[in-house]
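Observations on the three-dimensional arrangement
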Amino acid sequence: MSLPPLLRDNLALPVIGSPMFIVSTPELVIEQCKAGIVGAFPALNARPAEVLEQWLERITTELAAYKAANPEKKVAPFAVNQIVHSSNNRLQHDIEICTKYKVPIQITSLRAPDAVVEAAHSYGGLVFHDVTNIVHAKRALEAGVDGLILVCNGAGGHAGALSPFALVPEVRAFYDGTIILSGSIANGGSILAAQAVGADLAYMGTYFIAAEESNATPEYKQALIESAAEDIVYTNLFTGVHGNYLKKSIVNAGLDPENLALADKSAMNFGSGGNQKAKAWRDIWGAGQGTGQIRNVASAAELVARLAAEYQAARQRLCAGLG
C-alpha cells in the first residue's frame, strides 16, 4: 500500500470526504480540510461556470491562511470532482480553471479521464478515479491515474454491486498504488477495516451530509437520522447509472420504491440531475447503507473528531484482542 507525500504528510485521519452533487460546498470542504481530512466538491456544484473560479480562489486562500496561522496542525489538501461524460459541456472549461489554480487532487467519474490526467500532471496534481469493477480499474490505470476509488456495495449515490472484500483484493493483485475505499463507511472502526482489507484511505460521503456546513436541506438531514440500511434503494432510474437513494425521498416524489422501472443509460444526461420530474439529487436524495449510524447534525469538525476517537478506540480493541 502507498500514499503520495501530499496525503501521507497532511492527514489527521485517512479519510477523503467524497464530493456530493448539490450537497458539497466551499464551507464544507474548508472545514473538512481544516479538520485534517480531504474535502471535495463536484465542479458542477459551482453554477454558473464562472463561479468555479470564485470557489477555488476562496478555498485556496482560506486554507493557506489557516495553515499559516496553525503550523502545528495537519491541514489536508482539497479535491474537485470532474464528470467525464459527453453530457458535461463544461468539462474542458473546468479542467482549465482547475489547472490555473493547481487543484491538488482531481477526482474523476464515469469515463476514463485521459484529458484530466494530462492537465493535472502538468502542474503536479493527483487524479483519483471512481471505479466499480476490474475492467474500469484497468482502463483508469492505462490513463495514468494516481489512485483508484473503489466504489463498492452500499456506497451512497452512484455505487457498484461488489463487496469490498471481493474487489479490494482483486485490485491489489495487480495494483500496489493508492486505493480509496467507498461503501457504508460511517464510523471510525470502518475506516480501520478499510485499511485492514487493503485500502489506504476511506471515502466517506453520507456521513457528512449531516454536517452543519453541508448544503443538504434540513429535511434531507433529518431523513438520514431517521433511516437505516434497509431504507436504501438501489436503482438506475434517476440517472441511468445504478445508485443508492433514500426510500423516503422516493416515496415523497410519488413513486413506489418497490416497483421502479429500469432506465436506458444511453439516453441519460448526467449533468441534468435526473431524467424524471423528481430530480436526483435535488428531490431524490442519495445516501449509503451507513445511514443508520448517523445520529445527529453536527459541525464537520465535530464529526471528524468523533471519527478520530472511534478510530483510535477500534485500534485499541483490535490490539487488545490480539493479545
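Below: a short report on this structure. The residue numbers shown here count from 1 along each chain, following its written sequence. With pLDDT at 70 or above as the cut-off, local features in this predicted model cover only qualifying residues; side-chain atom pairs require 80 or more to be listed or tallied, and sums for whole chains, interfaces and linings still use all residues. Only heavy atoms go into the side-chain values, all of them from the structure, while hydrogens and water stay out.

**A few points about the sheet that holds strand β10 (residues 232-235)**
Any two strands between which DSSP finds at least two bridges are classified as paired. Helix numbers and strand numbers start at the N terminus; a helix is a DSSP run of H or I with at least 4 residues, a strand a run of E with at least 2. Reading across from one edge, β7-β11-β10 is the order of the three strands in this open sheet, with antiparallel pairing throughout. Two strands bound the open sheet, and with one partner strand each, they are β7 (157-158) and β10. In terms of strand pairing, β7 meets strand β11 (residues 243-246) through two bridges, oriented antiparallel. Bridging across to β11, His 158 finds its partner in Gly 243.

**Some remarks on the pairing of strand β5 (residues 126-131)**
Counting buried residues along β5, six of its six residues qualify, which places the element largely inside the surrounding structure. The parallel pair strand β4 (residues 105-110) and β5 is bridged by helix α5 (residues 114-122), and the resulting crossover is right-handed. Pairing analysis gives four bridges linking β5 to strand β6 (residues 147-151), with the strands arranged parallel. Among the inter-strand pairings, Asp 130 is bridged to a residue of β6, identified as Ile 149. For the crossover from β5 across helix α6 (residues 134-142) to β6, the handedness is right-handed. Residue burial is assigned from relative accessible area. The probe radius is 1.4 Å, only protein chains are included, and a residue is buried under 20% of its type maximum, exposed over 50%, and partly exposed in between. Call a crossover right-handed when, viewed with both strands pointing away from you, the route from the first strand across the helix to the second goes clockwise.

**Here's the deal with the pairing of strand β9 (residues 201-204)**
Of the two faces of β9, the one lined by Leu 201 and Tyr 203 and the one lined by Ala 202 and Met 204 are each fully buried. The pairing of strand β8 (residues 178-182) with β9 spans three bridges and is classified as parallel. When the sheet's bridge partners are listed, Leu 181 is paired in β9 with Ala 202. Between the parallel pair β8 and β9, the chain is carried across by helix α8 (residues 188-197), and the sense of this crossover is right-handed.

**Side note on the side chain of Gln 106**
Topologically, Gln 106 is positioned in strand β4. Judged by its relative accessible area of 0%, Gln 106 falls in the buried class. Nitrogen and oxygen atoms within 3.5 Å of one another constitute a polar contact, given that in protein one can donate a hydrogen and the other can accept it, and given that sequence-neighbouring residues count only through two side-chain atoms. In this structure the side chain of Gln 106 is engaged in a polar contact, spanning 3.2 Å, whose partner is the side chain of Tyr 123. Any pair of residues with heavy atoms lying within 4.5 Å of one another is described as a contacting pair. With residues up to four places along the chain from it excluded, the contact list for Gln 106 reads Val 80, Gln 82, Cys 98, Val 116, Ala 120, Tyr 123, Leu 126, Val 127 and Phe 128.

**Concerning the environment of Ser 24**
Residue position: Ser 24 is located in the loop between β1 (15-17) and α2 (26-35). Along the sequence, Ser 24 and Arg 315 sit 291 residues apart, while their C-alpha atoms lie 30 Å from each other. A polar contact is formed between the side chain of Ser 24 and the backbone oxygen of Ala 40, at a distance of 3.5 Å.

**Concerning the packing of helix α3 (residues 51-69) against helix α4 (residues 91-100)**
Helix axes are fitted to C-alpha atoms over the stretch in contact, other axes to C-alpha atoms as well, and angles between N-to-C directions run from 0 to 180 degrees. Closest axis-to-axis distance for the α3/α4 pair is 10 Å, and the angle between their directions is 25°. If you check the angle between α3 and α4, you find them roughly parallel. Classified by chirality, the crossing of α4 by α3 is right-handed. Note on element contacts: α4 touches α3 through Asp 94, Ile 97, Cys 98 and Lys 100, opposite Leu 52, Glu 53 and Leu 56. Along the lines of polarity and charge, the residues of the contact of α3 with α4 split into four nonpolar, no polar and three charged. Here is the rule for angles: anything less than 35 degrees is roughly parallel, anything more than 145 is roughly antiparallel, 65 through 115 is roughly perpendicular, and the remaining ranges are oblique. Working rule for handedness: look at the near helix, and if it is turned counterclockwise from the far one by less than a right angle, call the crossing left-handed; if clockwise, right-handed. Throughout this entry, Asp, Glu, Lys and Arg are counted as charged residues, while Ala, Val, Leu, Ile, Met, Phe, Trp, Tyr, Cys and Pro are counted as nonpolar. The remaining residues, Gly among them, count as polar.

**Regarding helix α10 (residues 218-226)**
Of the residues making up α10, those classed as buried are Tyr 220, Lys 221, Ala 223 and Leu 224. Seen from one end, α10 has its buried residues packed into an arc of 160°, which puts them on one side. Structural note: α10 exposes Pro 218, Glu 219 and Glu 226 on the side pointing more than 90 degrees away from its buried face. For α10, the secondary structure elements touched by its buried residues are α9 (206-209), β11 and α11 (247-252). Summarising the geometry, the arc corresponds to the directions from the helix axis toward the C-beta atoms.

**Focus on the sheet that holds β6**
The pairing of strands in a sheet comes from backbone hydrogen bonds and takes either a parallel or an antiparallel form. Reading across the sheet, the eight strands line up as β1-β9-β8-β6-β5-β4-β3-β2 and stay open at both edges, with parallel pairing between neighbours. Of all strands in the sheet, those bounded by a partner on one side alone are β1 and β2 (39-42). Adjacent strand axes in the sheet meet at a mean angle of 25°, parallel and antiparallel pairs treated alike. Where β2 lies against strand β3 (residues 78-84), four bridges are found, and the strand directions are parallel. Paired with Pro 42 across the bridge in β3 is Asn 81. Contacting β2 and β3, α3 crosses the sheet at an angle of about 155° to β3.

**Some thoughts on the packing of aromatic side chains**
Ring pairs shown here join Phe, Tyr and Trp side chains whose ring centres sit within 6.5 Å, with only the six-membered ring taken for Trp; geometry is labelled stacked below 30 degrees between planes, edge-to-face above 60, and tilted in between. Scanning the model with the defined rule gives four aromatic pairs in all. Residues Tyr 220 and Trp 285 carry aromatic rings whose centres are separated by 4.9 Å and whose planes lie at 10° to one another, so their mutual orientation is stacked. Of the two residues, Tyr 220 is situated in helix α10 and Trp 285 in the loop between α11 and α12 (300-321); the sequence distance between them amounts to 65 residues. The two residues Tyr 220 and Trp 285 agree in class, both being buried. Relative to Tyr 245, the ring of Phe 238 lies with its centre 5.4 Å away and its plane at 75°, an arrangement referred to as edge-to-face.

Everything listed here is a matter of geometry and, on its own, says nothing about what the molecule does.
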